Amino acid sequence: MEAAGRRVMMAEAEAWMDQAVSMAKEALENGEVPVGCLMVYNNEIIGKGKNEVNETKNATRHAEMVAIDQVIDWCHRHKKDLKEVFAHTVLYVTVEPCIMCAAALRMMKIQLVVYGCQNERFGGCGSVLNISSATLMDTGEPFQCIAGYRSEEAVEMLKTFYRQENPNAPKSKVRKKEYSK
Ligand SMILES: [Zn+2]
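Enquirer: How should I be thinking about the sheet that holds strand 2 (residues 44-50) in this particular structure?
Expert: Hydrogen bonding along the main chain pairs the strands of a sheet, whether they run parallel or antiparallel. As summarised here, the arrangement of the five strands in space is 2-1-3-4-5, forming an open sheet in which the pairing is mixed. In this open sheet, the two strands that pair with only one neighbour each are strand 2 and strand 5 (144-147). Taking the axes of each pair of neighbouring strands and ignoring which way they run, one obtains an average angle of 20° across the sheet. Where helix 3 (residues 63-78) meets the sheet, it contacts strand 1 (36-41), strand 2 and strand 3 (89-95), and its direction lies at approximately 145° from that of strand 2. Running at roughly 60° to strand 4 (residues 112-117), helix 6 (residues 151-164) makes contact with strand 3 and strand 4 of the sheet.

Enquirer: Would you mind showing me how to read unusual backbone geometry here?
Expert: In most cases, non-glycine residues show a negative phi, while peptide bonds are predominantly trans. One non-glycine residue, N43, lies in the positive phi region at around 70°. Assignment of secondary structure puts N43 in the loop between strand 1 and strand 2. Its identity as a non-glycine residue notwithstanding, K109 has a phi of 65°, on the positive side. Residue placement: K109 occurs in the loop between helix 5 (99-108) and strand 4.

Enquirer: Where do I start with the environment of E64 in this structure?
Expert: Following the sequence through the fold, E64 ends up in helix 3. Once you skip the residues sitting within four places of it in the chain, E64 turns out to touch C37, M39, L91, V93, V95, P97, C98 and C101.

Enquirer: Can you walk me through the packing of helix 3 against helix 5 in this structure?
Expert: The description of two helices packed together rests on the angle between their axes and the distance between the axes. Running from amino to carboxyl end, helix 3 crosses helix 5 at an angle of 20°, the nearest separation of the two axes being 10 Å. Comparing the axis directions of helix 3 and helix 5 gives the class roughly parallel. Judged by the twist between their axes, the crossing of helix 3 over helix 5 is left-handed. Contacts between helix 3 and helix 5 involve E64, M65, I68 and I72 from the first element and M100, C101, A104, L105 and M108 from the second. Residues of the contact of helix 3 with helix 5, tallied by class, amount to eight nonpolar, no polar and one charged.

Enquirer: Which parts of the structure should I look at to understand the coordination of the zinc ion?
Expert: Tetrahedral coordination by four donors places them ideally at 109.5 degrees to one another around the metal; octahedral coordination by six donors ideally gives 90 or 180 degrees. Taken together, H62 (ND1), C98 (SG) and C101 (SG) make up the full set of protein donors to the zinc ion, lying 2.0 to 2.3 Å away. For the zinc ion, the single-chain donor residues occur in sequence as H-x35-C-x2-C. With relative accessibility at 0%, the residue C101 sits in the buried group.

Enquirer: When you look at the packing of aromatic side chains in this model, what are you seeing that I'm missing?
Expert: What describes a pair of aromatic rings is the distance from one ring centre to the other and the angle between the planes of the rings. Under the criterion given, the structure shown has three aromatic pairs. An angle of 70° between the planes, with centres 5.8 Å apart, marks the rings of Y41 and W74 as edge-to-face. Of this pair, Y41 sits in strand 1 while W74 sits in helix 3, and the two are 33 residues apart along the sequence. As far as burial versus exposure is concerned, Y41 and W74 are alike and both buried. Here F161 and Y162 contribute two aromatic rings whose centre-to-centre distance is 5.2 Å and whose plane-to-plane angle is 80°, an arrangement assigned as edge-to-face.

Enquirer: It is not clear to me how the nonpolar core should be interpreted in this structure. Could you clarify?
Expert: If you look at the biggest cluster of nonpolar residues, it comprises 32 residues, and the most contacted ones within it are M39, L91, L105 and V113. Among the elements of the structure, strand 1, helix 3, helix 4 (82-87), strand 3, helix 5, strand 4 and helix 6 are those that each provide at least two residues to this core. The element contributing the most residues to this core is helix 3, with seven residues. Beyond its immediate chain neighbours, meaning those up to four positions away, L105 contacts M39, I68, L91, P97, I110, V113 and F143. Core analysis: the next-biggest nonpolar cluster, separate from the first, contains 12 residues, A13, A20, V90 and V114 among them.

Cut-offs and rules
- Residues numbered from 1 in each chain as written.
- Predicted model: local features only at pLDDT ≥ 70, side-chain atom pairs only at ≥ 80, totals over all residues.
- Heavy atoms only, no water.
- Pairing = 2+ DSSP bridges.
- Helix = DSSP H or I, 4+ residues; strand = E, 2+ residues; numbered from the N terminus.
- Axes fitted to C-alpha atoms, helices over the stretch in contact; angles between N-to-C directions.
- Contact = heavy atoms within 4.5 Å.
- Parallel < 35°, antiparallel > 145°, perpendicular 65-115°, else oblique.
- Left-handed = near helix turned anticlockwise from the far one by under 90°.
- Nonpolar A, V, L, I, M, F, W, Y, C, P; charged D, E, K, R; others polar.
- Donors = N, O, S within 2.8 Å, 3.2 Å for Na, K, Ca; no water.
- Buried < 20%, exposed > 50% of the residue type's maximum accessible area, 1.4 Å probe, protein only.
- Phe/Tyr/Trp six-rings, centres within 6.5 Å; stacked < 30°, edge-to-face > 60°.
- Core = buried A, V, L, I, M, F, W, Y, C linked by side-chain atoms within 4.5 Å.

Below, the structure is given as structure tokens:
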């Protein structure tokens, strides 16, 4: 029974992750760090987000923070208890949550995060710090992570993004020339 349950879980996770990958692609097309995510509660998407840092000029608008705000809105609209909803919500995200987002997820008391690739620069679920499972008395609760879903695509998108951000890219050279006039 447990094995069957696990297969269903994997098939579901793949399907949700497809949508998170589409969100990440949109972010990449908008010149944002390509991260996309969904918050799923009772088989329903109640929040989703993609990175919006450049668009909003606000360094905290990571995909997960956008999605958390949507879940809070959803709870208000449906008169649901935030604690109860977050405790039964699964986050599907293309990249390991960063330190900031991992702390936010602890405080919202999310219990399960399914993610794609590692976040080697800022990861808060093991890559840089292990906020997800650390013993932190006054910072919510630890959560479980399942990694590796659609990780190759997630890594490819990050690589594409950071190539564009290269300071030697043609765009910056044009800018330098303008300054030297
Ligand atoms: Zn983050």
